[in-house]
Amino acid sequence: FIVVMLMIFVVAMLNPATWAADDTGSPDSVLTEAELDMASPIDFSITMASLIIMIPAVYLAYLLLGSKPVGQLVSVAGKLRWRWFGLAIGASALLFAAYFALSFALSAAGIGEPTDAAPIKPPADPLFFALLVILLTPFQCAAEELVFRGALMQIIGSWLKHPLFAILLPVPLFTFGHLYDVYGLLDVTAFAIAAGYLAWRTGGLEAPMAMHIINNTFLFLLGAMGQIDLNATESGPMSLVFSVVFTALLTFVLVKL
């Protein structure tokens, strides 16, 4: 994974577009031309692939440790518990559907963050983009959970016995892998804490994977329909509060299930 990321960094640095300014010559425009367009099927696929490649990488790293069966990277049962995973997927889907429906209803009523006047740029081929979302997003989410709530939590837990260390120490690495403003980063932080707690409390990655998969899939599909901006990096305090409360509610429900 480190080798792949270094290769991507080197290629980006060698690309003239990385250093190009816009027509105004403003220093603030550096990297503008090199930014990914997440509404582009090519850029979306490249981004997903760069994360999905972590799945074989983390399994190989876990094998090299040689201390446990590799299946224990996923759960205490040594495998993915499919029935529990399916239940977690279903519960997450129902609650996320209600959450997004409520969010759109409040937005239509003028409650919440002010809407951006800039037009949303939807993908050129929404159906093809939606197919890519359905095919790639589950693996992207699974890769991130295997790394941050699987390998890192277990390694830290083998060094520091209190579970809070294993839950909280990987959070900054996960958070700052996302390019959002302060409200967005706080939202990601709350999600990471909830996912880490679920992994510890349920003895596996099924619940955090389900929560992660449904969240990202719904967001990308809404982007495919032009309902949200796939390239947005800014949020607001009201959105943060709603999201954190919902994440806490979903975590509570999954623990009870």
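By convention here, each chain's residues receive numbers from 1 onward along its written sequence. Where totals are concerned, whole chains, interfaces and linings use all residues; where local detail is concerned, this predicted model gives features only for residues with pLDDT of at least 70, and gives and counts side-chain atom pairs only at 80 or more. The basis for every side-chain value is the complete set of heavy atoms in the structure, and neither hydrogens nor water enter the calculation.

Comments concerning the nonpolar core
Nine residue types can take part in a nonpolar core, namely buried Ala, Val, Leu, Ile, Met, Phe, Trp, Tyr and Cys, and a core is a set of them joined through side-chain atoms within 4.5 Å. The buried label goes to any residue with under 20% of its type's maximum accessible area, the exposed label to any with over 50%, and the partly exposed label to all in between, with areas taken from a 1.4 Å probe on protein chains only. Phe44, Phe96, Leu146, Met211, Phe220 and Leu254 are the most contacted members of the largest nonpolar core, which totals 56 residues. Starting at the N terminus, helices and strands are each numbered in turn, a helix being any DSSP run of H or I of at least four residues and a strand any DSSP run of E of at least two. The element best represented in this core is helix α6 (residues 126-159), accounting for 12 residues.

Quick notes on the pattern of salt bridges
By definition, a salt bridge exists where a carboxyl oxygen of Asp or Glu is found within 4 Å of a side-chain nitrogen of Lys or Arg. With the rule as written, the count across this model stands at 2 salt bridges. Among the ionic pairs, Arg81 bridges to Glu206, the shortest N-O distance being 2.8 Å. Taken together, the positions of Arg81 in the loop between α4 (54-65) and α5 (82-108) and Glu206 in helix α10 (residues 206-224) put the pair 125 residues apart, joining distant regions of the chain. Taking the relative accessible area as the measure of exposure, Glu206 reaches 0% and is therefore buried.

Observations concerning the packing of helix α3 (residues 41-52) against α6
Note on geometry: axes are C-alpha line fits, over the in-contact stretch for helices, and angles between N-to-C directions span 0 to 180 degrees. Close contact between α3 and α6 brings their axes to 8 Å; oriented N to C, the two are set at 20°. Accordingly, the angle class assigned to the pair α3 and α6 is roughly parallel. α6 is crossed by α3, and the crossing has left-handed handedness. Facing α3, whose interface residues are Pro41, Phe44, Ser45, Met48, Leu51 and Ile52, α6 presents Phe128, Phe129, Leu132, Val133, Leu136, Thr137, Phe139, Gln140, Ala143 and Glu144. Here roughly perpendicular refers to angles of 65 to 115 degrees, roughly parallel to angles under 35, roughly antiparallel to angles over 145, and oblique to all remaining angles. Note: crossing handedness is left-handed where the near helix turns anticlockwise from the far helix by less than a right angle, and right-handed where it turns clockwise. Throughout, a contact is declared for two residues whenever any of their heavy atoms are within 4.5 Å.

What to know about the environment of Ala61
As for its placement among the helices and strands, Ala61 is situated in helix α4. Counting along the chain gives 90 residues from Ala61 to Ala151, while the straight-line C-alpha distance between them is 8.8 Å.

Comments concerning the side chain of Ser92
Mapped onto the fold, Ser92 is located in helix α5. Judged by its relative accessible area of 0%, Ser92 falls in the buried class.

Quick look at the environment of Ala195
Mapped onto the elements of the fold, Ala195 is located in helix α9 (residues 182-202). Along the chain, Ala195 and Arg149 lie 46 residues apart, while their C-alpha atoms are 7.2 Å from each other. With sequence-adjacent residues up to four places away left out, Ala195 is seen in contact with Glu145, Arg149, Pro208 and Met211.

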